[in-house]
Amino acid sequence: MGELPMLISEIFYSIQGEGGLTGVPSVFIRTAGCNLRCAWCDTPYASWQPEGKPLTIDEIVAEATKHPTQHVVLTGGEPMVAPGIADLARELKLLGRHVTIETAATIAPDGIACDLASLSPKLLNSAPDPLKHAAWRRKHEALRWQPDVVRAWLDAGPWQLKFVVAQPADVEEIEEMLAQLRRDLPRHQVLLMPEGTTAAALRARAPWLSELCKQRGFRYAHRLQIELYGNTRGT
Ligand code: SF4
């Protein structure tokens, strides 16, 4: 293993702040590169201006397995566009790690080893500015919502759906997307997260979003890492 270098933005040990494993100490492997360009992206260094260090899979695995946790999160950017990601996931699984893949679900799993697919399809609220980024806006709109790809992930293994919500009307768009999936999805596995990169922004949206979750049966999902560390790299 390890012949193919991957462009890695960062590897760090932290607390999972989002989703069903919130609070679990986890190693995050952030690949550089993304096929979307969300307007509110909180990791522009892995998407808008992707930067990273070429590392072999052996080097990545050595770094990721030196911490006292079994939980590894493959994130980005978009980890599914990273060459070598399937080899990396398989190697981590062979070492007994619990692998979460955080993906926007625009690329099918294609048999990738994964214990939890954390699927975060993007809403219209993520679209980049049409005047400043016309080409990316078109690409973003063409890719961001692909029901067939999301269904492939749902069928592949354990999953959670995470939506970033900026305004109450977003919930209607989420309902429409879920209807297009044509699956009887347990609503507690559909997580709604307030949009925001500061604790103040999250808290401002929390009251109405938590009420909407109560009305619709979705799971309210805060972002613990913002509360603990703010929006800083390596956390
Ligand atoms: S999919 Fe994720 S990493 Fe890519 S631009 Fe959107 S928020 Fe950023």
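Residues numbered from 1 in each chain as written. Predicted model: local features only at pLDDT ≥ 70, side-chain atom pairs only at ≥ 80, totals over all residues. Heavy atoms only, no water.

1. Section: the overall build of the protein chain
Keep this limit in mind: Helix numbering and strand numbering both begin at the N terminus, where a helix is a DSSP run of H or I of at least 4 residues and a strand a DSSP run of E of at least 2. Computation of the radius of gyration draws on C-alpha atoms, with the globule rule given as 2.2 Å multiplied by the number of residues to the power 0.38. Between buried and exposed lies partly exposed: a residue is buried under 20% and exposed over 50% of the maximum accessible area for its type, with that area taken using a 1.4 Å probe on protein chains only. The contact criterion used is simple: two residues touch if any of their non-hydrogen atoms lie within 4.5 Å. Only the protein chains shown count as cover for residues, and the accessible areas themselves come from Shrake-Rupley with a 1.4 Å probe. Counted charges follow a simple rule, with Lys and Arg positive, Asp and Glu negative, and His plus the chain ends left uncounted. The atom standing in for a charge is NZ when the residue is Lys, CZ when it is Arg, CG when it is Asp and CD when it is Glu.
Helix and strand counts for the protein chain stand at seven helices and nine strands. Taken against the 2.2 N^0.38 rule, which gives 18 Å for 235 residues, the C-alpha radius of gyration of the protein chain at 17 Å falls within 12% of a compact globule. In the protein chain, buried positions account for 50% of the 235 residues. Across the protein chain, contacts joining residues at least 24 apart in sequence account for 71% of those joining residues at least 6 apart. Looking at the protein chain as shown, the accessible area adds up to about 10,300 Å², and 54% of this sits on carbon and sulfur atoms. With 25 positive and 27 negative side-chain charges, the protein chain shows a separation of 3 Å between the mean positions of the two kinds.

2. Regarding the sheet that holds strand β8 (residues 190-194)
Selection rule: For two strands to pair, DSSP has to find at least two bridges joining them. Every axis corresponds to a line fitted to the C-alpha atoms, with the helix fit spanning only the stretch in contact, and the corresponding angles, defined between N-to-C directions, vary from 0 to 180 degrees.
Taken together, nine strands build an open sheet; the order of strands is β3-β1-β2-β4-β5-β6-β7-β8-β9 and the sheet is mixed. Both outer strands of the open sheet, β3 (53-55) and β9 (219-220), are each paired with one neighbouring strand and no more. In this structure, strand β2 (residues 25-31) lies alongside strand β4 (residues 71-75), joined through four bridges in parallel fashion. Residue pairing across strands places I29 opposite L74, the latter belonging to β4. Its contacts with the sheet put helix α2 (residues 85-94) on β1 (6-15), β2, β4 and β5 (98-103), and the angle it makes with β4 is roughly 175 degrees.

Take it as geometry only, folks, not as evidence of what the structure does.
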